[in-house]
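Survey of secondary and tertiary structure
Here are the chains, one letter per residue:
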Amino acid sequence: MGNDLKGIVGAPVTPFTKDNRVDVETFARQVNFLIKQGVQFIAHPMHIGESLNMSMEERKSLAKCLVEAAGGRVPVFVNVSVPGTDLTLDLARHSEKVGAAGIVLLSPYHWKPPKDAHIDHFLTIGGAVGLKMIAYNNVGATHVEISHGILAHLIEKLPNFVGLKDASFDMKYFAEACRVSSELSSDFSVYTGVEYLLTSMPVGGSGAFSACAEVAPRLTLSLYEACSRLDVAKARPLQFKVSKLLNILMQNYPANIKYAMELMGRLVGETRKPILPPDPRAKADVKEALTALSVLKDEPHGW
């Protein structure tokens, strides 16, 4: 199965109405905005999209909306991760039914499965659907690691296993994941969790799942393009600028991102509890950062 999935992965937030319902119309606008700005593909609902704060019915509805809003312009991946394998399988089969290009799959939350059960989870889901699969290594959330041995085993067993998202931010892990996967597959992609591209792409990284593209797509894509050319002189100041932006956006995640989007004229409502909206001090800090980084001046406003 060929794989050309390299670049910036747009990861939309989930918009909510004032009465706390999923706002599918605004979600569709957001998908269209990200595609128009140039993201190479889209994945939802990641943690930025509050996947853990939604019902199965809401997630299925948004998966269908994602496919329809993208309209085949870019590949779309659905994050199907929940603690139970059977529940995950239900979401994966629904994603295939509605026409998604692929799925994103975390290790099971909470359970800390031993190696055999960990592998079985990925083989069960990946083997049951014909969709491309991106595994997601996030030890902070799941408390188990997709080891390099597990990574190699899954590549050998699953022809539709095409990529790994790594949120360890550990360069030893990331570099070894690039090495191991490149020795087994010529078209496997390894992405960093957010936009630390200058440190990840030279060792074989394929891009990043993006927190910043919601707020500053031009800056984000400029950084990717410079890194893809290995233009260090151009990429370094862009990476430092993105890093400063991430420092503020990743606080009270993803509430600060939603507020930054509001400042950019892209209202998506507030987060669901237990994530509280930013207080006045936090809002002032976000606005100050966007001003200092010229985001308010240089990036697109509105949809």
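Note that the coordinates shown come from a computational prediction; the quantities given were computed from them, not determined experimentally.

1. Topic: the overall build of the protein chain
Tallying secondary structure elements over the protein chain gives 13 helices and 8 strands in all. Taken over the C-alpha atoms alone, the protein chain extends approximately 50 × 50 × 35 Å along its principal axes. Working note: accessible area of the protein chain is about 12600 Å², and carbon and sulfur atoms make up 53% of it. Within the protein chain, the 31 negative side-chain charges are centred at a point lying 4 Å from the centre of the 32 positive side-chain charges.

2. Focus on the side chain of Glu 299
Tracing the sequence through the fold places Glu 299 in the segment after helix H13 (295-298). One buried charge, Glu 299, has no salt-bridge partner; the nearest side chain with opposite charge is Arg 218, at 4.7 Å. Here the side chain of Glu 299 touches Arg 218 through a polar contact of 2.9 Å, landing on its backbone nitrogen. With sequence-adjacent residues up to four places away left out, Glu 299 is seen in contact with Val 215, Ala 216, Pro 217, Arg 218, Leu 219, Met 264 and Ser 294.

3. Overview of the environment of His 118
When you line up the elements, His 118 lands in helix H4 (residues 115-128). Of the residues examined, His 118 reaches a relative accessible area of 2% and is grouped as buried. Between the C-alpha atoms of His 118 and Val 9, which are 109 residues apart in sequence, the distance is 26 Å. Not counting the four nearest positions on each side in its chain, His 118 is found in contact with Ser 107, Pro 108, Pro 113, Val 144, Glu 145, Ile 146 and Ile 150. A distance of 2.6 Å separates polar atoms of two side chains, one belonging to His 118 and the other to Ser 107.

4. Considerations on the packing of helix H3 (residues 85-98) against H4
Following both chains from N to C, one finds H3 and H4 inclined at 25°, their axes separated by 9 Å at the closest point. Judged by the inter-axis angle, H3 sits roughly parallel to H4. Classified by chirality, the crossing of H4 by H3 is right-handed. Packed against H3, whose contacting residues are Thr 85, Thr 88, Leu 89, Ala 92, Arg 93 and Glu 96, the element H4 presents His 121, Thr 124, Ile 125 and Ala 128 at the interface. Among the residues forming the contact of H3 with H4, the class breakdown is 4 nonpolar, 4 polar and 2 charged.

5. Topic: the packing of aromatic side chains
Counted under the stated rule, the structure contains 6 aromatic pairs. For the pair Phe 33 and Trp 303, a centre-to-centre distance of 6.0 Å together with 80° between the ring planes defines the contact as edge-to-face. Separated by 270 residues along the polypeptide, Phe 33 in helix H1 (residues 24-37) and Trp 303 in the segment after H13 bring together distant segments of the chain. Overall, Phe 33 belongs to the buried group, its relative accessible area being 2%. Measuring from centroid to centroid gives 5.8 Å for Phe 169 and Tyr 196, while their planes differ by 85°, and the two rings are edge-to-face. Taken together, the positions of Phe 169 in the loop between strand S6 (161-166) and helix H7 (171-184) and Tyr 196 in the loop between strand S7 (189-192) and helix H8 (197-200) put the pair 27 residues apart, joining distant regions of the chain. For Phe 169, a relative accessible area of 47% translates into the label partly exposed. Residue classification places Tyr 196 among the partly exposed positions, given a relative accessible area of 29%.

6. Observations concerning the environment of Ser 61
Relative to the helices and strands, Ser 61 is located in helix H2 (residues 56-70). On a C-alpha basis, the gap between Ser 61 and Ala 235 in space is 39 Å, while along the polypeptide they are 174 residues apart.

Conventions adopted
- Residues numbered from 1 in each chain as written.
- Predicted model: local features only at pLDDT ≥ 70, side-chain atom pairs only at ≥ 80, totals over all residues.
- Heavy atoms only, no water.
- Helix = DSSP H or I, 4+ residues; strand = E, 2+ residues; numbered from the N terminus.
- Areas by Shrake-Rupley, 256 points an atom, 1.4 Å probe, with all protein chains shown as cover.
- Lys, Arg positive; Asp, Glu negative; His and termini not counted.
- Charge placed at Lys NZ, Arg CZ, Asp CG, Glu CD.
- Buried < 20%, exposed > 50% of the residue type's maximum accessible area, 1.4 Å probe, protein only.
- Salt bridge = Lys/Arg side-chain N within 4 Å of Asp/Glu carboxyl O.
- Polar contact = N/O pair within 3.5 Å; in protein donor to acceptor, adjacent residues only side chain to side chain.
- Contact = heavy atoms within 4.5 Å.
- Axes fitted to C-alpha atoms, helices over the stretch in contact; angles between N-to-C directions.
- Parallel < 35°, antiparallel > 145°, perpendicular 65-115°, else oblique.
- Left-handed = near helix turned anticlockwise from the far one by under 90°.
- Nonpolar A, V, L, I, M, F, W, Y, C, P; charged D, E, K, R; others polar.
- Phe/Tyr/Trp six-rings, centres within 6.5 Å; stacked < 30°, edge-to-face > 60°.

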